[in-house]
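# Report on the structure
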Amino acid sequence: MDKSDKCEKELPIAFFDSGVGGLTVYKEVKKLLPDEDYLYFGDTINMPYGEKTKEELIEIARKIFDYFACRKVKAVVMACNTTSAMTYDVLKNDYDFKIYPIIQSVAKVISNLPVERLGVFATPATINSHAYSREINKLNPEMQIFEISCPAWVRIVEEHRLHQPQSLLQIKERLNEMSLHRPQRIVLGCTHYPYLTGIIKNFYPEKDLIDPSKYFAEFIKNDLEMNGLLNKCGQGSEKFYVSSNPENFMEASKLFCPLTELPEPVKL
Ligand code: DGL
């Protein structure tokens, strides 16, 4: 890669997730940095990440990072809590672009919130890793953190089953479980979960929910700026890729960040 300052900052910023979840992050970053050029990879063939082992996730994340290395990017945004929790520490030094993991990037701001009892909803893999409580308690050991895993929620979003009675039941079960802990605020610790805000806020007012993507977008902007990597005269272009089923991705994207053209299928 040509590492001269000028060239590097003109390279695109890449995002990945198992599907449409990462669009919740992408949308916030694009709002803050409209002139950058973007690539987004939805690894739909491997969805849901939250039910995979650490070894499987490392293999998957490595392939995605290798793909982005070939595409020449200046940064990769891990718009996915599960891979941030399970693979970032292993892969973080293996590439010469910036890597932004969501959990580690937002832990500081969450740890400073005036909250004593914090809930976290996330995928089984993220919850089993205790990445949220580890990262937040490192900075604020006083905060009590209640982590609850929501295995069905990602598929509910990806399969557009938001309003089916069975889905509502699966969501309510977890919300009831969380309410026993009386959290003051709750982190939506999977990038798919903001798609469910409308349903969740029937139980918890929106002000009690924390969607980390806004904090994450701020973090990314500041860090790129600090490193002289902001591109203020890019084209604002975007290109989407998926590992399977582009039509489904396009349909699911309508809920949050509608795509204007079908994503391109790629095989890693
Ligand atoms: N959206 C991702 C996350 O934030 C992954 C969800 C999944 O595929 O299980 O964890």
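Please refer to the structure higher up on the page.
Quick summary incoming for the structure in this document. Owing to the predicted nature of the structure, the values given are computational and were not obtained by experimental measurement.

The end-to-end C-alpha separation of helix H3 (residues 54-71) is 26 Å, in line with the 26 Å expected for 18 residues at 1.5 Å each. Those residues of H3 not exposed but buried are Leu57, Ile58, Ile60, Ala61, Ile64, Phe65, Tyr67 and Phe68. Elements in contact with the buried residues of H3: strand S1 (13-17), strand S2 (38-42), strand S3 (75-78), helix H4 (81-91), strand S4 (98-101) and strand S9 (238-242). Immediately beyond the C-terminal end of H3, within one or two residues, lies Lys72, with a positive phi of roughly 60°.

This part is about the state of the cysteines. As enumerated under the stated definition, the model contains 0 disulfides in all. Among the cysteines around Cys150, which has no disulfide bond, Cys190 carries the closest sulfur, lying 8.6 Å off. With no disulfide of its own, Cys257 has Cys190 as its nearest cysteine by sulfur position, at a separation of 16 Å. The exposure class assigned to Cys257 is buried, which follows from its relative accessible area of 11%.

A regular strand places its side chains so that they alternate between the two faces of the sheet. The buried fraction of strand S5 (residues 117-122) is high, at 6 of 6 residues. Neither face of S5 is exposed, since Arg117, Gly119 and Phe121 on one face and Leu118, Val120 and Ala122 on the opposite face are all buried. Looking at chain direction, S5 and strand S6 (residues 144-149) are connected through 6 bridges and run parallel. The residue of S6 that forms the bridge with Phe121 is Ile148. In the sheet, S5 pairs with strand S7 (residues 185-188) via 4 bridges, with the strands oriented parallel. Looking across to S7, one finds that Leu118 is bridged to Arg185.

It is the contact of H3 with H4, at a shortest axis distance of 9 Å, that shows an interaxial angle of 75°. Relative to H4, the element H3 lies roughly perpendicular. Here H3 contributes Lys54, Leu57, Ile58, Ala61, Arg62 and Phe65 to the contact with H4, which in turn contributes Thr82, Thr83, Met86, Thr87, Val90 and Leu91. Within the contact of H3 with H4, the residues separate by chemical class into 7 nonpolar, 3 polar and 2 charged.

As a further point, take the sheet that holds S3. Across the sheet, 6 strands lie side by side as S4-S3-S1-S2-S9-S10; this open sheet has parallel pairing. Edge positions in the sheet fall to S4 and strand S10 (264-265), since each has one partner strand and no second. Bridge analysis of S1 against S2 gives 5 bridges, and the strand direction is parallel. Residue pairing across strands places Ile13 opposite Tyr38, the latter belonging to S2. With respect to the sheet, helix H5 (residues 102-111) is in contact with S3 and S4, its orientation differing from that of S4 by roughly 65°.

What counts, and where the lines are drawn
- Residues numbered from 1 in each chain as written.
- Predicted model: local features only at pLDDT ≥ 70, side-chain atom pairs only at ≥ 80, totals over all residues.
- Heavy atoms only, no water.
- Helix = DSSP H or I, 4+ residues; strand = E, 2+ residues; numbered from the N terminus.
- Expected span 1.5 Å × (residues − 1).
- Buried < 20%, exposed > 50% of the residue type's maximum accessible area, 1.4 Å probe, protein only.
- Contact = heavy atoms within 4.5 Å.
- Disulfide = S-S within 2.5 Å.
- Pairing = 2+ DSSP bridges.
- Axes fitted to C-alpha atoms, helices over the stretch in contact; angles between N-to-C directions.
- Parallel < 35°, antiparallel > 145°, perpendicular 65-115°, else oblique.
- Nonpolar A, V, L, I, M, F, W, Y, C, P; charged D, E, K, R; others polar.

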